[in-house]
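Tertiary structure, described
Here's the letter readout for the chains.
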Amino acid sequence: MATATASRDARPGATLPPPESFGAMVLRRFLKHRLAVASTVMLVVLVLGSVIGPWFLPAYDAQDLSNTNQLVPTLAHPLGTDELGQDVLARLLYAGRISLFVGLSAAVLGVLIGTLIGAITGYFGKWIDTLGMRMTDMFLCIPLLMLLLVLSNFTRGKTLVPFIAPELQQLALIAVIIGASSWMGVARLVRGEFLSLREQEFIEASLSVGGKSAWIITRHLIPNAMAPIFVAATLQVGEAIILESGLSFLGMGIQPPVPSWGNMLSNAQQYMIATPWLAVYPGIMIFLTVVSINFIGDGLRDALDPKLKS
Amino acid sequence: MGAYILRRLLTSLPLLLGVTLLLFCIMHLMPGGPLAAYTQNPRVRPEDLEKIKHIMGLDQPLYMQYLYWLRSLLTGNLGNSLFTGQAVTEMIASFLPNTLVLMGTSFIVSLAIGVFLGVMSAVKQYTAFDFGVTTFAFIGYSLPVFWFGVMLLLLFAAQLKWLPSGGVHDLGETGLLDLIEHLVLPVTMLSIVSVASWSRYMRSSMLEVIRQEYVRTARAKGLDEFRVIGRHAFRNALVPVVTIIALALPGIFGGAIMTETIFAWPGIGRLFFDSLGRSDYPVIMAILTISAALVVVSNILADIAYAALDPRIRYD
């Protein structure tokens with residue numbers, strides 16, 4: 001949040017700073033939302049744990065088979081090991097990297113596509129608007145999970161780009177699939193914002209001094225529509241994480257041995273009688289991540305809404 | 001009203017046509033293609049492959065293939081499964097009842113519980129009950145549903161052994177009681193999100209209505225609280241919620257994929273998922289088309305219900 005508002009202020013040609021800068025006002029109002037602040041702390045812990053955590057935990061040694069029966073939690077393996085003897089905590093954190101990466105990139109991609117389509121349809125209107133919105137309607141007619149399953153099923157295990165590790169490719173592929181299937185909400189949102197913004201006087205002023213469409217869209221309209229886009233993007237990250245883990249759970253997302261919270265759960269499902277706790281962890285990780293993201297989105301919505309002056 | 005419905009139906013036809021075209025393109029641009037099942041078979045020779053291609057019309061240009069598909073769709077023929085050779089319509093007809101039972105039960109359960117929780121938490125705003133419902137709704141929003149399903153399975157079927165772990169019936173059983181036993185877990189899983197979301201909508205709609213003047217008037221007339229809430233407030237608060245509920249129908253249909261996979265429920269979602277694994281294009285295409293049609297119909301239903309329930313809204 002801080003970075004986004006900072007880049008906003010650093011924009012060349014920004015207006016004179018008001019008595020309290022926009023960033024400071026947003027921060028002050030965000031801090032009032034206690035659940036959002038607690039969620040931010042939680043998310044930071046989850047992100048840091050996933051990014052640096054695996055370095056401090058015992059690495060999986062494929063040669064060491066002595067662990068395979070040691071499934072119950074012990075001091076060395078606080079959450080136990082899985083059927084291959086891999087430390088579950090380490091895998092959960094490593095899976096966190098993957099889920100967060102895929103979720104974030106899918107959301108960014110989806111929001112970019114959505115903003116582009118929404119901006120073009122909302123700004124130019126007429127037949128372009130009709131065409132873009134009918135296309136959006138069409139995509140909305142296909143149940144999301146079905147669309148994702150079709151797309152990922154037919155591209156699964158395929159090497160699409162040479163010279164890049166297949167593990168990395170599958171991450172990128174899932175992110176692209178989710179992003180390309182979840183832009184519709186943002187497109188409608190941005191279009192709506194643009195429709196009302198483009199009637200306002202500052203746009204007319206820009207047009208009167210010869211402002212070009214691209215300039216007006218990128219310099220006037222998008223910055224003004226940034227707040228709702230940003231909130232939608234935040235919520236989209238949580239949504240994308242749920243979608244990715246759902247796909248992986250069904251075996252259509254991230255493929256083992258690369259861990260993902262989804263495929264760890266479907267793996268644990270096979271050992272539900274002997275080691276039921278293994279199925280509990282991944283869901284808790286997904287839930288904690290998504291719940292914090294949703295509360296942060298909620299807090300951002302309150303903080304960024306210019307109508308709620310306090 | 002009749003004219004409006006007719007117009008909505010007519011304008012949704014091009015949309016549906018567009019969706020089938022979009023689906024057709026997605027399906028055909030995907031690597032693999034409808035012949036994947038044959039190319040993986042070492043006993044199928046290249047010349048056989050050409051023959052199959054010709055028989056299936058895959059050597060025709062894409063737009064011709066689409067038109068052929070569309071023509072057979074209009075005559076009620078959705079092709080044959082590449083896997084079983086059975087007519088797709090027959091396959092869907094045999095799997096659909098199970099999905100309808102699951103969806104229908106879960107719809108009724110969600111509706112009853114969701115609306116009840118919403119109304120009660122609005123009436124008892126800022127009490128412990130309201131707080132509890134709100135917390136539950138937030139949990140429901142962020143819950144990975146498939147995990148919730150696995151947890152239900154783990155707790156009530158694997159560990160406690162209170163309920164069956166999957167299927168529609170136990171072997172040799174056909175009774176209603178047995179069916180209900182098998183329905184409890186999948187219906188709980190399928191309903192949790194709609195209950196969370198509908199209770200939220202119901203609550204905010206109810207809160208808005210309670211503040212209206214006609215509710216104050218009803219109280220002023222000396223009606224008892226039950227009448228005021230039940231007859232005057234509730235019925236009006238339901239209007240916007242009906243739209244949300246109608247729009248959520250396809251979501252329940254989509255959610256059936258997860259539920260039916262986890263609880264081994266032989267329905268459309270399961271058929272869709274299995275057909276994906278077998279690259280059974282005609283079945284996948286048929287289920288996608290039906291789902292898209294369901295979305296369009298739900299949208300129209302939502303608008304009609306809105307117009308029918310609220311006399312202030314007129315469509316001319």
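The rules behind each value
Residues numbered from 1 in each chain as written. Chains lettered and ligands numbered in written order. Predicted model: local features only at pLDDT ≥ 70, side-chain atom pairs only at ≥ 80, totals over all residues. Helix = DSSP H or I, 4+ residues; strand = E, 2+ residues; numbered from the N terminus. Buried ≥ 20, exposed ≤ 12 C-beta atoms within 10 Å, placed from the backbone. Contact = placed C-beta atoms within 7 Å. Nonpolar A, V, L, I, M, F, W, Y, C, P; charged D, E, K, R; others polar. Axes fitted to C-alpha atoms, helices over the stretch in contact; angles between N-to-C directions. Parallel < 35°, antiparallel > 145°, perpendicular 65-115°, else oblique. Domains from an automatic or database assignment.

What to know about the overall build of chain B
From N to C terminus, chain B includes twelve helices and zero strands. Mapped from its N terminus to its C terminus, chain B presents α and β elements in the order α-α-α-α-α-α-α-α-α-α-α-α. Judged by the C-alpha coordinates and their principal axes, chain B covers about 85 × 60 × 35 Å. Within chain B, buried positions represent 35% of all 316 residues. Counting only contacts in chain B whose residues sit at least 6 apart along the sequence, the fraction spanning at least 24 positions is 71%.

Things to note about the overall build of chain A
A tally of regular secondary structure across chain A gives twelve helices and zero strands. When the helices and strands of chain A are placed in sequence order, the string is α-α-α-α-α-α-α-α-α-α-α-α. A buried classification covers 42% of the 310 residues belonging to chain A. When contacts within chain A are restricted to residue pairs at least 6 apart in sequence, long-range pairs at least 24 apart make up 71% of them.

Side note on helix H9 (residues 201–208) of chain A
Of all eight residues making up H9(A), only zero are buried, and the element is barely covered by its neighbours. Backbone geometry just downstream of H9(A) places Gly210(A) in the positive-phi region, at approximately 90°.

Overview of the interface of chain A and chain B
Quoted interface sizes are often the accessible area lost when the parts come together. Chain A puts 34 residues into the contact, and the matching count from chain B is 34 residues. At the level of elements, helix H5 (126–141), helix H6 (144–155), helix H10 (213–249) and helix H12 (277–304) of chain A are the ones that each hand at least two residues to the side of chain A that touches chain B. A class-by-class count of the residues in the side of chain A that touches chain B yields 23 nonpolar, eight polar and three charged.

Here we look at the packing of helix H10 (residues 225–262) of chain B against helix H11 (residues 268–277) of chain B
Residue and element names in this part refer to chain B. Their axes nearest at 7 Å, the elements H10 and H11 cross at an angle of 85°. As summarised for this structure, H10 and H11 are arranged roughly perpendicular, according to the angle between their axes. For the pair H10 and H11, contact is made by Ala256, Ile257, Thr259, Glu260 and Thr261 and by Ile268, Gly269, Arg270, Phe272 and Phe273, respectively. Here the residues of the contact of H10 with H11 sort into five nonpolar, three polar and two charged.

Some thoughts on the environment of Phe107(B)
Mapped onto the elements of the fold, Phe107(B) is located in helix H5 (residues 88–123). Given 19 C-beta atoms within 10 Å, Phe107(B) falls into the partly exposed group.

Section: the domain arrangement of chain B
Residues and elements named next belong to chain B. Partitioning chain B into domains gives domain 1 (2–74) and domain 2 (96–309). Here domain 1 and domain 2 have C-alpha centroids that lie 33 Å from each other. Contacts between domain 1 and domain 2 engage 14 residues on the former and twelve residues on the latter. When contributions to the side of domain 1 that touches domain 2 are tallied by element, the ones reaching two or more residues are helix H1 (2–29) and helix H2 (36–39). Per element, the largest residue contribution to the side of domain 1 that touches domain 2 is ten residues, and it comes from H1. Class assignment for the residues of the side of domain 1 that touches domain 2 results in ten nonpolar, three polar and one charged.

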